[in-house]
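One-letter residues, chain by chain:
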Amino acid sequence: TVAPLVQCGSLGSVRLPLPTAIGSVLTEFTLPMASTAEDVELAIRGEAAGALASVALRRADGSSVPPSATLADLAASPERCFTIEMNGETHTVMPASSGSLGLPHAALDLTAVSYQAKLMALREMLSVQKAASMPLADFESLCADVGLECFEAQQARVDLHRAGILLSFEGDENLRGTVFLKPDEVAAVIYGRFGLGSPVLGFLENRTVALGREVDRLNAELEPHLSLKKQLDKEADRGAMRIMWGFTGSGFAFMGLFYHMVFESLSWDVCEPLAFLAALAYTMGGYTWWTFTHAGEDNESVFAYLKSTMTTSRYKAAGLDLAAIARLEEELSGVMEQLEDVGQRKRYLKMLGRLPAAAAGSGRESDDDGAEAA
């Protein structure tokens, strides 16, 4: 019979088939997590109303639980379970941080989903911590910020420790008050003391190779798009330059026409007002076009406007997908940042592995503590 030990606020609920005067009855009762093994035995005897001949709490290995051990200690132990022997029958008590009281297997345990969501939120908060370690009290404060209560915070610390996300040396009296947030750095220092490379370096090397392949793939996918874009940009630039040279040539031609009219065919008295009116019309026409087409909002000059217009039309005619280029460039930038981060991490872990024992804690104080813990 499995009777889960579950979290209910700051209390633990135990459901056991207790022998009574009318036979075995499934009885549920609640105890504070600070309750000792002796308190649990007394509570069980009280619930059984004298029908219980013997009761004992034992660890998973069969050893007796000390009377002073609390439910919180048992739930956070490496075995994560203990047994209750009643009248010769053994009942396993499993910790269930989800708060489940033995729901059917197919049922949706909303409390378990809530615990997992809180655990992910806690992991996200830990990932942005700059320090290599933090006091246990600060860790519990973060747990409270995401809604994890006392027992759930203990369970979260155990779960994250087993997942390798942090290190918590519960069995060491000197280190139990510290939570190490950079397990790879602690491992690098420890392995370095024995002249060995951290196993994390192998993972980072594989990560570097995988990211390098991703960079090659993105570059290969980008290359034809960028080549076409470069070609179209050159064509648009040449087209805009031709139009600007045309404007310049028309200005010189206009000046030559007036020279002929003034000195050969007509006279200055006739051409002076014509020249003034022609120049004014040319200037006002350009100003009106520049103002009412709003070309000046996105372009600093006529040349820039012409080049932008021609570039856009050529992109559209050639079917160039600017959105795809932007997406690929963004992906490439992200991968390059990851590659740089991995490279920096590799260099830092190698440096930690080469540090002498006296200097290992100078950069980050948790490194030396982690080595001593090992």
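A brief report on the enclosed structure follows. (Residues numbered from 1 in each chain as written. Predicted model: local features only at pLDDT ≥ 70, side-chain atom pairs only at ≥ 80, totals over all residues. Heavy atoms only, no water.)

## A closer look at the overall build of the chain
Formally: Helical segments are the DSSP runs of H or I of at least four residues, strand segments are the runs of E of at least two, and each set is numbered from the N terminus. Any residue under 20% of the maximum accessible area for its type is buried, any over 50% is exposed, and the rest in between are partly exposed; the area is computed with a 1.4 Å probe on protein chains only. Residue contacts follow a heavy-atom distance rule, with two residues in contact if any of their heavy atoms lie within 4.5 Å. Every accessible area reported is derived by Shrake-Rupley at a probe size of 1.4 Å, with residue values counting cover from the shown protein chains alone.
In terms of helices and strands, the chain carries 13 helices and ten strands. For the chain, the residues scored as buried account for 33% of the 374 residues in total. Considering only intrachain contacts with a sequence separation of at least 6, the fraction spanning at least 24 residues in the chain is 61%. Carbon together with sulfur atoms contributes 59% to the accessible area of the chain, which is approximately 21,600 Å² in total.

## Quick notes on the environment of leucine 167
Relative to the helices and strands, leucine 167 is located in strand S9 (residues 167–168). Along the backbone, leucine 167 and proline 183 are 16 residues apart, and their C-alpha atoms lie at a distance of 6.1 Å.

## A short note on a positive patch on the surface
The condition that has to hold: Put simply, a patch holds well-exposed residues, over 30% relative accessible area, that have no salt bridge, with like charges counted together within 9 Å and Val, Leu, Ile, Met, Phe, Trp or Tyr side chains within 5 Å. A pair is scored as a salt bridge if a Lys or Arg side-chain nitrogen falls within 4 Å of a carboxyl oxygen belonging to Asp or Glu. Counted charges follow a simple rule, with Lys and Arg positive, Asp and Glu negative, and His plus the chain ends left uncounted. Each charge is placed at NZ for Lys, CZ for Arg, CG for Asp and CD for Glu.
On the surface, Lys230, Lys234, Arg238 and Arg242 cluster together into a positively charged patch. Tracing the sequence through the fold places lysine 234 in helix H7 (residues 199–265). Taking the relative accessible area as the measure of exposure, lysine 234 reaches 47% and is therefore partly exposed.

## Examining the pattern of salt bridges
For the coordinates displayed, the defined rule picks out twelve salt bridges. Lysine 118 is the partner of glutamate 152 in a salt bridge, and the nearest nitrogen-oxygen pair spans 4.0 Å. Residue glutamate 152 is found in helix H5 (residues 150–162), and its partner lysine 118 is found in helix H3 (residues 110–127); the two are separated by 34 residues along the sequence. Shared partners join several salt bridges into a network, and the residues in it are Asp184, Glu185 and Arg345.

## Points about the packing of H7 against helix H11 (residues 322–354)
Applied cut-off: All axes are obtained by fitting lines to C-alpha atoms, using only the stretch in contact for helices, and the reported angles, taken between N-to-C directions, cover 0 to 180 degrees. Comment on the angle field: the value is read as roughly parallel under 35 degrees, roughly antiparallel over 145, roughly perpendicular from 65 to 115, and oblique elsewhere. Each crossing gets its hand from how the near helix is turned against the far one by less than a right angle, where anticlockwise is left-handed and clockwise is right-handed. Throughout, the ten residues Ala, Val, Leu, Ile, Met, Phe, Trp, Tyr, Cys and Pro are labelled nonpolar, Asp, Glu, Lys and Arg are labelled charged, and all others, Gly among them, are labelled polar.
Two numbers describe how H7 lies on H11: the axes approach to 9 Å, and their chain directions differ by 155 degrees. One element, H7, and the other, H11, form an angle in the roughly antiparallel class. For the pair H7 and H11, the sense of crossing is left-handed. Taken together, the residues that form the contact of H7 with H11 break down as 17 nonpolar, five polar and twelve charged.

## Considering the environment of leucine 136
Within the secondary structure, leucine 136 is located in helix H4 (residues 136–145). On a C-alpha basis, the gap between leucine 136 and threonine 178 in space is 5.1 Å, while along the polypeptide they are 42 residues apart. Not counting residues up to four positions away in its chain, the partners in contact with leucine 136 are Arg157, Arg176, Gly177, Thr178 and Val179.

## Describing the sheet that holds strand S10 (residues 178–180)
The criterion, for reference: Paired strands are those between which DSSP finds at least two bridges.
Spatially, three strands are ordered S8-S10-S9 in an open sheet, and the strand pairing comes out antiparallel. Sheet topology places strand S8 (133–135) and S9 at the edges, where each strand pairs with a single neighbour. Here S8 runs beside S10; their pairing, made up of three bridges, is antiparallel. Residue pairing for S10: proline 135 is matched across the bridge by threonine 178. Of the strands in this sheet, S8 and S10 are in contact with H4, which crosses S8 at around 90 degrees.

## Topic: the packing of aromatic side chains
Convention followed: Aromatic rings from Phe, Tyr and Trp, with only the six-membered ring used for Trp, were paired whenever their centres fell within 6.5 Å, and each pair was classed as stacked if the ring planes differed by under 30 degrees, edge-to-face if by over 60, and tilted otherwise.
By the definition in use, this model includes three aromatic pairs. Considering the side-chain rings of phenylalanine 169 and phenylalanine 180, the 5.5 Å spacing of their centres and the 70 degrees angle between planes classify their relative orientation as edge-to-face. On the criterion of sequence distance, the pair formed by phenylalanine 169 in the loop between S9 and S10 and phenylalanine 180 in strand S10 is long-range, its members being eleven residues apart. Residue classification places phenylalanine 180 among the buried residues on the basis of a relative accessible area of 0%.

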